[in-house]
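# Survey of secondary and tertiary structure
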Amino acid sequence: MSAEIRSREMIERLIAFDTTSRNSNLALIDYVRDYLAGHGVESRLTHDESGAKANLYATLGPDDKPGIMLSGHTDVVPVDGQEWESDPWTVIEREGLLYGRGTSDMKSFIAIALSYVPEMLARGLETPINLAFSHDEEVGCVGVHGLIRDFANLPVKPFVCIVGEPTEMRVVSAHKGKRSYICRVKGHECHSSLVHTGVNAVEVAAEIVAHLRKMARRFRDEGPHDRDYEPHYTSVHTGTIQGGTALNIVPKDCRFEFEWRYLPQHDPEAIFAEVEALARSLEPEMQAIAPETGIAFEERSAIAGLDTDPGEEVVALVRALTGGNDTGKVSFGTEAGAFQRAEIPTVVCGPGSVEQAHKPNEFIRLEQIRLCEAFMDRLLERVCRGG
Ligand SMILES: [Zn+2]
């Protein structure tokens with residue numbers, strides 16, 4: 001077996017773009033567009049409102065037939081405050097591992113797909129391959145919606161999708177969904193000796209937080225349950241809270257953030273409706289003292305759960321491409337749920353491990369890259385002429 005990997009140069013190039021989600025990803029997108037154009041492949045870009053970020057979608061082979069979509073996000077999480085032993089934006093190899101921000105999550109998959117483009121085109125594609133590279137996944141799968149909306153302008157949609165998030169090349173057919181919110185409680189400030197004339201925003205927030213904790217226990221104890229997940233229930237959690245200025249002032253503001261990571265069969269709207277109903281029930285007492293008080297929620301992110309039927313064609317197809325036969329479920333969210341909601345049967349399968357994602361000294365094993373390249377070789381056998 002050859003020790004060299006064919007996609008190394010492309011991995012190095014993509015890692016070198018600092019595409020931390022807060023930055024523009026256009027330098028990377030332009031590079032990919034130019035690379036594809038150099039092979040005679042046109043790209044469709046869909047920009048965000050600021051114009052500083054874009055998704056890229058391209059079709060290799062016939063554009064009037066449904067294809068197999070290879071999907072990945074171009075953004076990475078920040079390196080701020082992390083102790084890196086090498087430059088995060090320069091790939092270095094040590095003992096069979098390639099280090100760099102995004103090596104596992106998830107530029108290697110994109111780079112491997114891109115490095116197969118010349119061979120795909122040279123061999124000729126009977127079944128098209130669609131490339132879909134998004135922006136702003138790491139901040140709540142925000143960017144991919146623009147790409148999905150653009151499907152309405154295409155002659156055909158892909159018939160299956162493979163999201164190359166790191167699963168160590170195992171086929172993942174289901175993952176939890178996630179919702180996150182900011183809650184702002186507006187109270188009424190006064191001297192703390194006159195509590196009856198104020199509305200204590202911290203205490204109102206505490207009632208909601210305590211209710212969220214009750215919901216968390218209820219989901220844990222009463223379900224729904226699915227033993228394939230860890231934890232095997234919908235988890236609810238409050239992550240930050242700020243409020244108050246001094247002990248002798250009844251606080252007028254409190255803000256907290258909370259989330260749930262829900263089983264695909266759990267309705268996130270129903271969960272939110274319960275929290276909102278509680279908030280509405282607290283407001284009359286607040287507003288009887290000061291009418292300007294109240295409780296507001298802002299949705300921060302909504303990641304759809306993925307629940308692809310193990311009997312779907314995409315599961316058998318991708319299993320065959322990996323050479324394995326197990327199908328798993330994971331607790332982290334991906335863009336796969338959004339593609340499933342757009343009625344494209346989707347699985348998650350990509351090189352690297354989520355264990356290394358988001359951490360300092362992120363790496364991918366060369367072995368994982370070889371497995372993904374073998375996957376691409378099998379994919380080409382399947383989609384190319386005479387294959
Ligand atoms: Zn990712």
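Our subject in this report is the structure included herewith.

### Considerations on the coordination of the zinc ion
Within the protein, the zinc ion binds to His-73 (NE2), Asp-105 (OD), Glu-165 (OE) and Glu-165 (OE); these donor distances fall in the range 1.8 to 2.6 Å. Coordination at the zinc ion is irregular: its four donor atoms span angles of 53 to 141 degrees at the metal.

### A closer look at the sheet that holds strand S4 (residues 92–94)
A sheet is described by the order of its strands in space; here three strands give the open sequence S4-S5-S18, paired in antiparallel fashion. Each edge of the sheet is formed by a strand with only one pairing partner; in this case those strands are S4 and strand S18 (363–365). Ignoring strand direction, the axes of neighbouring strands in this sheet form an average angle of 25 degrees. Pairing of S4 with strand S5 (residues 97–99) involves three bridges; the strand directions are antiparallel. The residue bridging Glu-93 from the neighbouring strand is Leu-98, located in S5.

### Here we look at the nonpolar core
Counting residues in hydrophobic clusters, the biggest one holds 55 residues, and the most contacted among them are Leu-36, Leu-114, Ile-129, Leu-131 and Met-376. Among the elements that line this core, the one with the most residues is helix H10 (residues 366–383), at eight residues. If sequence neighbours within four positions are ignored, Leu-114 has contacts with Met-10, Leu-14, Val-32, Tyr-35, Leu-36, Leu-131 and Phe-133. Of all hydrophobic cores here, the second largest spans 28 residues; its members include Cys-183, Phe-219, Phe-258 and Phe-272.

### Points about the packing of aromatic side chains
Under the defined criterion, the tally for this structure stands at ten aromatic pairs. Relative to Tyr-31, the ring of Phe-17 lies with its centre 5.8 Å away and its plane at 40 degrees, an arrangement referred to as tilted. In this pair, Phe-17 sits in the loop between helix H1 (8–16) and helix H2 (26–38) while Tyr-31 sits in helix H2, placing the two residues 14 residues apart along the sequence. A centroid spacing of 6.0 Å and a plane angle of 80 degrees characterise the contact between Phe-258 and Phe-297, whose relative ring orientation is edge-to-face. Residue Phe-258 is located in strand S13 (residues 253–262), and its partner Phe-297 is located in strand S14 (residues 294–303); the two are separated by 39 residues in the primary sequence. As far as burial versus exposure is concerned, Phe-258 and Phe-297 are alike and both buried. Ring pairing ties together the aromatic residues Tyr-181, Phe-256, Phe-258, Trp-260, Phe-272 and Phe-297, which thus form one cluster. A cation over an aromatic ring shows up here: Arg-6 above the ring of Tyr-116, its NZ or CZ 3.8 Å from the ring centre. Between Arg-94 and the ring centre of Tyr-99, over which it is positioned, the NZ or CZ distance is 4.2 Å.

### Thoughts on the packing of helix H6 (residues 201–222) against helix H7 (residues 268–289)
H7 packs onto H6 with a crossing angle of 150 degrees between their chain directions and a minimal axis gap of 11 Å. With respect to H7, the axis of H6 lies roughly antiparallel. The hand of the H6/H7 crossing is right-handed. Packed against H6, whose contacting residues are Val-204, Glu-207, Ile-208, His-211, Leu-212, Met-215, Arg-218 and Phe-219, the element H7 presents Ile-271, Glu-274, Val-275, Leu-278, Leu-282 and Met-286 at the interface. Taken together, the residues that form the contact of H6 with H7 break down as ten nonpolar, one polar and three charged.

### So, the sheet that holds S14
If you trace the four strands from one edge of the open sheet to the other, you get S11-S13-S9-S14, paired in antiparallel fashion. Both outer strands of the open sheet, strand S11 (235–243) and S14, are each paired with one neighbouring strand and no more. When strand polarity is set aside, the average angle formed by the axes of neighbouring strands in this sheet is 15 degrees. In this structure, strand S9 (residues 177–186) lies alongside S13, joined through ten bridges in antiparallel fashion. Paired with Ser-180 across the two strands is Glu-259, which belongs to S13. The strands touched by H6 are S9, S11, S13 and S14; relative to S13, the strand with the most contacts, the crossing angle is about 10 degrees. Lying over the sheet, H7 contacts S9, S13 and S14, oriented at roughly 165 degrees with respect to S14.

### Brief notes about the side chain of Arg-8
Its location among the elements puts Arg-8 in helix H1. For Arg-8, the side chain forms a polar contact with the side chain of Glu-4, separated by 3.1 Å. Setting aside residues up to four positions removed in sequence, Arg-8 forms contacts with Glu-93, Leu-98 and Leu-366.

### Structural notes on the pairing of strand S6 (residues 129–134)
In terms of residue burial, S6 counts as a mostly covered element, since six of its six residues are buried. Side chains Ile-129, Leu-131 and Phe-133 project from S6 onto one buried face, and the interleaved Asn-130, Ala-132 and Ser-134 project onto a second face that is buried too. As defined by bridge partners, strand S2 (residues 54–60) adjoins S6 across five bridges and the pair is classed as antiparallel. The partner of Thr-59 across the bridge, within S6, is Asn-130. Direction of pairing for strand S3 (residues 68–73) relative to S6: parallel, over a ladder of six bridges. The partner of Gly-72 across the bridge, within S6, is Phe-133.

Scoring rules and cut-offs
Residues numbered from 1 in each chain as written. Predicted model: local features only at pLDDT ≥ 70, side-chain atom pairs only at ≥ 80, totals over all residues. Heavy atoms only, no water. Donors = N, O, S within 2.8 Å, 3.2 Å for Na, K, Ca; no water. Tetrahedral: all angles 85-135°; square planar, octahedral: opposite > 155°, others 65-115°. Pairing = 2+ DSSP bridges. Helix = DSSP H or I, 4+ residues; strand = E, 2+ residues; numbered from the N terminus. Axes fitted to C-alpha atoms, helices over the stretch in contact; angles between N-to-C directions. Core = buried A, V, L, I, M, F, W, Y, C linked by side-chain atoms within 4.5 Å. Buried < 20%, exposed > 50% of the residue type's maximum accessible area, 1.4 Å probe, protein only. Contact = heavy atoms within 4.5 Å. Phe/Tyr/Trp six-rings, centres within 6.5 Å; stacked < 30°, edge-to-face > 60°. Lys NZ or Arg CZ within 6 Å of the ring centre and 35° of its normal. Parallel < 35°, antiparallel > 145°, perpendicular 65-115°, else oblique. Left-handed = near helix turned anticlockwise from the far one by under 90°. Nonpolar A, V, L, I, M, F, W, Y, C, P; charged D, E, K, R; others polar. Polar contact = N/O pair within 3.5 Å; in protein donor to acceptor, adjacent residues only side chain to side chain.

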